[in-house]
Protein chains: 2
Amino acid sequence: MPNDALIARPDLARIKVACTNCTLYQLCLPVGMGDPELALLEDIIKVKRPLARSQHLYQMGDSFTSLYAVRSGSLKTYALTEDGREQVTGFHLPGELVGLDAISSERHHCAARALETTSVCEIPFDRFEDLWVRIPSLPHQLLRVMSKEMRHDQTLLMLLGKKAAEERLAAFLVNLAGRFGQRGFSSREYNLSMSRNDIGNYLGLAVETVSRLFTHFQELNLLNVHRKSVQLLDLPALQALAGVSEPPPDTRAGQGGRV
Amino acid sequence: MPNDALIARPDLARIKVACTNCTLYQLCLPVGMGDPELALLEDIIKVKRPLARSQHLYQMGDSFTSLYAVRSGSLKTYALTEDGREQVTGFHLPGELVGLDAISSERHHCAARALETTSVCEIPFDRFEDLWVRIPSLPHQLLRVMSKEMRHDQTLLMLLGKKAAEERLAAFLVNLAGRFGQRGFSSREYNLSMSRNDIGNYLGLAVETVSRLFTHFQELNLLNVHRKSVQLLDLPALQALAGVSEPPPDTRAGQGGRV
DNA sequence: CGAATCCTTGAACACCTTCAACAGGGGTGG
DNA sequence: CCACCCCTGTTGAAGGTGTTCAAGGATTCG
């Protein structure tokens, strides 16, 4: 699914990234920035060598040095319970920032792992902070992204705390549809880069339940699913099931809302 | 339980607050700030008239103008599902900030409601942003608070997604203990300002389950509970049940971690 | 081709919820 | 000051939703 043109070739790693030309810039940090500011930002941002599937961007406990913006591919972030089980805290599509939760303790409390071949921009945080005096809108921009992230977490909290299994999966699928749509992909038909296991984990359900729900939704003609590929046949019905609440698209931009 | 000395009398409302003399300043925003910076901050902060129990600080949908820091008492924040049910997203003790999730859309998506007589400092956000050029550490400070809040949400996600009812309540009680301790109150004995209903709602459990768990914990001699008052008899056992993971106290301060 | 992994399906069970009834405070009004 | 009422909290029993356990099928990759 990732747009190959966006994936930096290994030999180009660490080269400056042109936010100016990045199709994601309206989803990413530099929302509404002018050219001079963009140039300053581009100066400190590095494109990292693409991650292969299941490679880690950072591990739990790693010291925090940078934020990362997804360019192509996708990531999952997850924490570990003390007994070693995983809790997936989010899936991250192109244009979204990861690592925000590590700012306070300067250490990562989640790990980030590529679900497929994935390319990210690295934003060294100390240099990023240095920019704030010259680009005063930057911290505000970052705050907006974080604030949005908090709303995502709250939506998820609501899913886990109040919703039944059906509603959770429906909400998940509808949300993904919206995010793919925002990125110029079809919102009716897309590929799941994460496993059933990850989905279940994320939604607080057993894998078996997720599987059963997929077949159930298919029997209701709400969607077709085969392996990773999903085709939503009755979006309105799914939205209804999910308890809609698609947040108003927040025209002022920033990263796309995640379920 | 609130410290009466901290509650502004109504006639003093809107008067400047002395962060300098506030016993909470090391839990609140002005962590590690010098006197001149504190003075600037105090300039824009107003103490609001105390809220009576069950009064709202802001409602869902209200436009966002200010952040609020709890001075005394406590608040709950909650969102509504589309069918009108409540999801409690957090309880907020003195020294903690609320309203952060509204920055991105300039509109509140949660409501904040006083659980008891509660006094807060109002921080008008636009004036607060104006301060950033003169106090460059301020946005960083705010980011740290938000980042911490994100970790709180992730902990809660883990509770709701992975933990059984016992573990959830134990984690909740242990966390409260820690937060009271940080504020100079006893961490072995405290009062719950929230109802069983709110606790259950927050933890994704039915009220009845919470009630049963309390009696169950009592039978195990883990605690005594009567009405609102809780006395933890075997903190280690409760921590074990909770799956401990008390975050390392994060000496660099900021607001106390919430479960 | 074989191994490993992921996904699906079935059946029994467990945990928590729901429904229901009751107890105990706390506040209000007589 | 007492009686009453409402709300919150407690306890019991039945029921359901999702889990767990188990096994079989599909897909990928060496």
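Residues numbered from 1 in each chain as written. Chains lettered and ligands numbered in written order. Predicted model: local features only at pLDDT ≥ 70, side-chain atom pairs only at ≥ 80, totals over all residues. Heavy atoms only, no water.

Engineer: I'd like to hear about the overall build of chain A, residue by residue, with values.
Structural biologist: Counting its secondary structure elements, chain A contains seven helices and eleven strands. For chain A, buried positions account for 56% of its 259 residues. The contacts of chain A with a sequence gap of at least 6 include a subset with a gap of at least 24, amounting to 75%. (Helix = DSSP H or I, 4+ residues; strand = E, 2+ residues; numbered from the N terminus. Buried < 20%, exposed > 50% of the residue type's maximum accessible area, 1.4 Å probe, protein only. Contact = heavy atoms within 4.5 Å.)

Engineer: Please set out the domain arrangement of chain A residue by residue, giving values where relevant.
Structural biologist: Residue and element names in this part refer to chain A. Structurally, chain A comprises domain 1 (4-148) and domain 2 (164-252). A straight line from the C-alpha centre of domain 1 to that of domain 2 covers 25 Å. Contact residues are listed per partner, giving 18 residues for domain 1 and 14 residues for domain 2. Buried surface at the junction of domain 1 and domain 2, both sides included, amounts to about 1,500 Å², of which 48% is carbon and sulfur. For the domain 1 face of the interface with domain 2, the top three residues by lost area are Phe-91, Leu-93 and Arg-144, together amounting to 40%. Counting across the domain 1 and domain 2 interface gives three salt bridges. Here the element with the most residues in the side of domain 1 that touches domain 2 is strand E5 (residues 86-92); it accounts for seven residues. (Domains from an automatic or database assignment. Buried area = accessible area lost by both parts, 1.4 Å probe. Salt bridge = Lys/Arg side-chain N within 4 Å of Asp/Glu carboxyl O.)

Engineer: Which residues make up the relation of the copies chain B and chain A, and what are the values?
Structural biologist: Between chain B and chain A, the superposition needs a rotation of 180° and an axial shift of 0.0 Å, giving an RMSD of 0.0 Å. A rotation of that kind, with that shift, is consistent with a two-fold axis. Residue by residue, 100% of the interface of chain B is reproduced at the interface of chain A, so both copies engage with the same surface. (Least-squares fit on C-alpha atoms with pLDDT ≥ 70 in both.)

Engineer: Which residues make up the protein's contact with DNA strand C, and what values do they have?
Structural biologist: The full set close to DNA strand C counts 17 residues, and Ser-211, Arg-212 and Thr-215 of chain A together with Ala-165 and Thr-209 of chain B are the nearest of them. Taking all atoms of DNA strand C within 4 Å of the protein, the share assigned to sugar and phosphate is 57%. Taking Arg-212 of chain A, its side chain carries an N or O atom lying 2.9 Å from a base nitrogen of DNA strand C. Within the side chain of Arg-212 of chain B, a nitrogen or oxygen atom sits 3.0 Å from a base oxygen of DNA strand C. Those elements that place two or more of their residues in the surface near DNA strand C are helix H5 (196-203) and helix H6 (207-219) of chain A together with helix H6 (207-219) of chain B. The greatest single-element share of the surface near DNA strand C, amounting to four residues, is contributed by H6 of chain A. Taken together, the residues of the surface near DNA strand C sort by class into four nonpolar, six polar and seven charged. (Near = heavy atom within 4 Å. Polar contact = N/O pair within 3.5 Å; in protein donor to acceptor, adjacent residues only side chain to side chain. Nonpolar A, V, L, I, M, F, W, Y, C, P; charged D, E, K, R; others polar.)

Engineer: Describe the protein's contact with DNA strand D, and please don't skip the residues or the numbers.
Structural biologist: Surrounding DNA strand D, one finds 19 residues, the nearest of these being Ala-165 and Thr-209 of chain A together with Arg-196, Arg-212 and Thr-215 of chain B. Among atoms of DNA strand D positioned within 4 Å of the protein, sugar and phosphate together represent 62%. In this structure, a base nitrogen belonging to DNA strand D sits 2.8 Å away from a side-chain N or O atom of Arg-212 of chain B.

Engineer: Go over the sheet that holds strand E2 (residues 56-58) of chain B with me, naming the residues and quoting the values.
Structural biologist: Residues and elements named next belong to chain B. Reading across the sheet, the four strands line up as E2-E7-E4-E5 and stay open at both edges, with antiparallel pairing between neighbours. Each edge of the sheet is formed by a strand with only one pairing partner; in this case those strands are E2 and strand E5 (86-92). On average, each strand axis in the sheet is inclined to that of its neighbour by 30°, with strand direction left out of account. Note that strand E4 (residues 75-80) and strand E7 (residues 111-114) share four bridges and pair antiparallel. By the bridge assignment for E7, Lys-76 is matched with Arg-113. (Pairing = 2+ DSSP bridges. Axes fitted to C-alpha atoms, helices over the stretch in contact; angles between N-to-C directions.)

Engineer: Please give an account of the nonpolar core that cites residues and values.
Structural biologist: Within the largest apolar cluster, 74 residues are counted, with the highest numbers of intra-cluster contacts made by Leu-169, Phe-172 and Leu-192 of chain A together with Leu-169, Phe-172 and Leu-192 of chain B. What Leu-169 of chain B contacts, discounting residues up to four positions off in sequence, is Ile-199, Leu-203, Val-210, Leu-213, Phe-214 and Phe-217 of chain B. Within the second largest apolar cluster, 62 residues are counted, among which are Cys-19, Phe-64 and Met-146 of chain A together with Ile-44 of chain B. (Core = buried A, V, L, I, M, F, W, Y, C linked by side-chain atoms within 4.5 Å.)

Engineer: Any chance you could break down the interface of chain B and chain A for me, citing the residues and the numbers?
Structural biologist: Contacts between the two partners involve 46 residues from chain B and, on the opposite side, 46 residues from chain A. It is Met-150, Leu-157 and Lys-162 of chain B that lose the most area in chain B upon contact with chain A, and together they represent 16% of the buried surface on that side. Viewed at the interface, chain A and chain B are joined by two salt bridges. Residues Lys-163 of chain B and Glu-82 of chain A are paired through a salt bridge, measuring 3.3 Å at the closest nitrogen-oxygen approach. Applying the counting rule to chain B against chain A returns 24 residue pairs in polar contact (both at pLDDT 80 or more). For the side of chain B that touches chain A, the secondary structure elements donating two or more residues are E4, E5, helix H2 (125-130) and helix H3 (137-162) of chain B. When residues in the side of chain B that touches chain A are grouped by element, the largest group, 19 residues, is from H3 of chain B. The residue inventory of the side of chain B that touches chain A, partitioned by class, reads 17 nonpolar, 14 polar and 15 charged.

Engineer: For the packing of aromatic side chains, give the residues involved together with the corresponding values.
Structural biologist: Evaluated as defined, the whole model comprises 20 aromatic pairs over all chains. Plain terms: the ring middles of Phe-125 of chain B and Trp-132 of chain B are 6.3 Å apart, the flat faces sit at 85° to each other, and that makes the pair edge-to-face. Comparing Phe-125 of chain B with Trp-132 of chain B, the two get one shared label, buried. Of the aromatic side chains, those joined through ring pairs into one cluster are Phe-64, Phe-125, Phe-128 and Trp-132 of chain A. (Phe/Tyr/Trp six-rings, centres within 6.5 Å; stacked < 30°, edge-to-face > 60°.)

Engineer: Which residues make up the pattern of salt bridges, and what values do they have?
Structural biologist: Pairing between side chains becomes possible if they bear opposite charge and their charged atoms approach one another. Residue and element names in this part refer to chain A. Taken as a whole and assessed by the stated rule, the structure comprises twelve salt bridges over all chains. Of the charged contacts, one joins Asp-83 and Arg-85 as a salt bridge, the two residues approaching to 3.2 Å between their closest N and O atoms. By relative accessible area, Asp-83 is classed as partly exposed at 48%. Relative accessible area serves as the criterion here: at 34%, Arg-85 is assigned to the partly exposed category.

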